[in-house]
Amino acid sequence: MGKPSSMDTKYKDDLFRKYVQFHEGRVDTTPSKQRPGSDEYLRVAASALLSLHKVDPFYRFRLIQFYEAVESSLRSLSSSSLRALHCAFSVLETVGVNLFLYPWKKEFRSIKTYTGPFVYYVKSSLLEEDIRAILHYMGYVPELGTAYRLKELVETLQVKMVSFELFLAKVECEQMLEIHSQVKDKGYSELDVVNERKSSTEDVRGCSEALRRRAEGREHLTASMARVALQKSASERAAKDYYKPRVTKPSRSVDAYDSYWESRKPPLKASLSLRKEPAAPDVGDDLKDEIIRPSASLLTMSSSPHGSP
């Protein structure tokens, strides 16, 4: 990207001159002069100007901060859109054209901000600071928050330049709407189109193709990542299945083998009880008592005087 060449500058100056002549010709009261009809040829020429190859987009607009104003409005205002911004720039262009065509008329020396067209087409689409900046270039200053009023004599040339850039802004909105219609099926928003157009030197077709290629690249990358994730998941499951311990149910023959050897085991001895049992009587002591203790018959015999044996 670079600065516009002398040929590009000449092309823009020539279009600016034709733009002014078109509007001045509509109010020319000379009977012999033919009034211009549609401004379609101006729109075609403006579209070509805005798509000049290898020219920095910065040079498309010199007075209006077009892309910044559009981007901030789309981000901040829910009622803003490229189509609504097209209408807003059209209303402001009409203000400028009326001012440089009829600078002496009192009705064009002030703008009431509470009127229907201004509220519904301008304030609902553009941020207040951007509206103030555009009207400031025309010579208007805010008054009591309800109107804008000319502060001094009209600088006709500057008003013409601002009106011309507002015309270019309308055409640029039309081009971005065309781009969006071609790429919205890929999930792009109007704000995405603005960001692309702000940094691209391509025309409508070139911007559309660039956005579609980028979307297809993302889709291909997403699909590749999904395939990798599936393959990784499958390999992890296979590894887990490989190292999982094999648990099988014993067969009936093994059960019979175990039952057989269980039946062949010797019976277990009864465990000794820890409770103390009465000790068995000593047989030797009983015999000793029997020998020492005399019987009743012996006692009778020993007590008789004639008891000698």
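Residues numbered from 1 in each chain as written. Predicted model: local features only at pLDDT ≥ 70, side-chain atom pairs only at ≥ 80, totals over all residues. Heavy atoms only, no water.

As recorded in an unreviewed UniProt entry, the protein chain goes by the name Spermatogenesis-associated protein 2, listed as coming from Gulo gulo. In its Sequence similarities (unreviewed entry) section, the UniProt record describing the protein chain reads: "Belongs to the SPATA2 family." Entered under Subunit (unreviewed entry) in the UniProt record, the comment concerning the protein chain runs "Interacts (via the PIM motif) with RNF31/HOIP (via the PUB domain); the interaction is direct. Interacts (via the PUB domain) with CYLD; the interaction is direct." (UniProt positions renumbered as here; feature names shortened; annotations may be inferred.)

Draft legend 1. Seen up close, the overall build of the protein chain. Helices and strands together make up the secondary structure of the protein chain, namely 12 helices and three strands. Here the protein chain, with 309 residues, has 33% of them falling under the buried criterion. Long-range contacts, defined here as pairs at least 24 residues apart, represent 73% of the contacts in the protein chain between residues at least 6 apart. Working note: accessible area of the protein chain is about 21200 Å², and carbon and sulfur atoms make up 57% of it. (Helix = DSSP H or I, 4+ residues; strand = E, 2+ residues; numbered from the N terminus. Buried < 20%, exposed > 50% of the residue type's maximum accessible area, 1.4 Å probe, protein only. Contact = heavy atoms within 4.5 Å. Areas by Shrake-Rupley, 256 points an atom, 1.4 Å probe, with all protein chains shown as cover.)

Draft legend 2. Focus on the layout of surface pockets. In this model, the largest pocket occupies a volume close to 380 Å³. Forming the walls of the largest pocket are 18 residues, and the residues nearest its centre are Lys-12, Asp-13, Tyr-59, Arg-60 and Arg-62. Looking at the lining of the largest pocket, the elements with two or more residues in it are helix 1 (6–26), helix 2 (40–50) and helix 7 (156–183). Residue contributions to the lining of the largest pocket peak at five residues, all from helix 1. Taken together, the residues that form the lining of the largest pocket break down as 10 nonpolar, one polar and seven charged. Computed from the structure, the second largest pocket encloses a volume of approximately 310 Å³. Together, 13 residues line the second largest pocket, and Val-95, Glu-107, Ser-110, Ile-111 and Lys-112 are the ones closest to its centre. (1 Å grid on protein atoms, 1.4 Å probe; cavity = no way out; pocket = protein on both sides within 12 Å on 5 of 7 lines; lining within 4 Å. Points joined across faces, edges and corners; volume = space filled by probe spheres on them. Nonpolar A, V, L, I, M, F, W, Y, C, P; charged D, E, K, R; others polar.)

Draft legend 3. Examining the pairing of strand 2 (residues 140–143) more closely. In this structure, strand 2 lies alongside strand 3 (residues 147–150), joined through four bridges in antiparallel fashion. Its bridge partner lying in strand 3, Pro-142 is registered against Tyr-148. Between strand 2 and the antiparallel strand that follows it, strand 3, lie three residues; Leu-144 among them carries a positive phi value of about 60°. (Pairing = 2+ DSSP bridges.)

Draft legend 4. Region of interest: a nonpolar patch on the surface. A surface patch of nonpolar side chains, amounting to about 480 Å² of accessible area, comprises Tyr-114, Val-119, Tyr-120 and Tyr-121. Structurally, Tyr-120 can be placed in helix 5 (residues 116–123). For Tyr-120, a relative accessible area of 63% puts it in the exposed group. (Patch = residues over 30% accessible without salt bridge, like charges linked within 9 Å, V, L, I, M, F, W, Y side chains within 5 Å. Salt bridge = Lys/Arg side-chain N within 4 Å of Asp/Glu carboxyl O.)

Draft legend 5. Here's a closer look at the side chain of His-86. Mapped onto the secondary structure, His-86 falls in helix 4 (residues 82–101). Residue class for His-86 comes out buried when judged on its relative accessible area of 18%. Apart from residues no more than four positions distant in its own chain, His-86 is found in contact with Arg-43, Lys-170, Cys-173 and Glu-174.

Draft legend 6. Here's a closer look at the packing of aromatic side chains. Under the criterion given, the structure shown has 10 aromatic pairs. Judged by centre distance (4.6 Å) and plane angle (20°), the rings of Phe-61 and Phe-66 are stacked. Note on Phe-66: relative accessible area 1%, which makes it buried. Geometry around Tyr-102 places Lys-105 over its ring, the cationic atom sitting 4.2 Å from the centre. (Phe/Tyr/Trp six-rings, centres within 6.5 Å; stacked < 30°, edge-to-face > 60°. Lys NZ or Arg CZ within 6 Å of the ring centre and 35° of its normal.)

Draft legend 7. Geometry of the pattern of salt bridges. Counted under the stated rule, the structure contains 14 salt bridges. Between Glu-24 and Lys-160 there is a salt bridge, with its nearest N and O atoms 3.2 Å apart. You can see Glu-24 sitting in helix 1 and its partner Lys-160 sitting in helix 7, a full 136 residues away along the chain. On the accessibility criterion, Glu-24 (35% relative accessible area) is partly exposed.

Draft legend 8. How the structure looks around the sheet that holds strand 1 (residues 110–112). The strand order across the open sheet built from three strands is 1-3-2, with neighbouring strands paired in antiparallel fashion. Two strands in the sheet have a free side with no partner beyond their single neighbour: strand 1 and strand 2. Averaged over all adjacent pairs, the angle separating strand axes in this sheet is 25°, with direction ignored. (Axes fitted to C-alpha atoms, helices over the stretch in contact; angles between N-to-C directions.)

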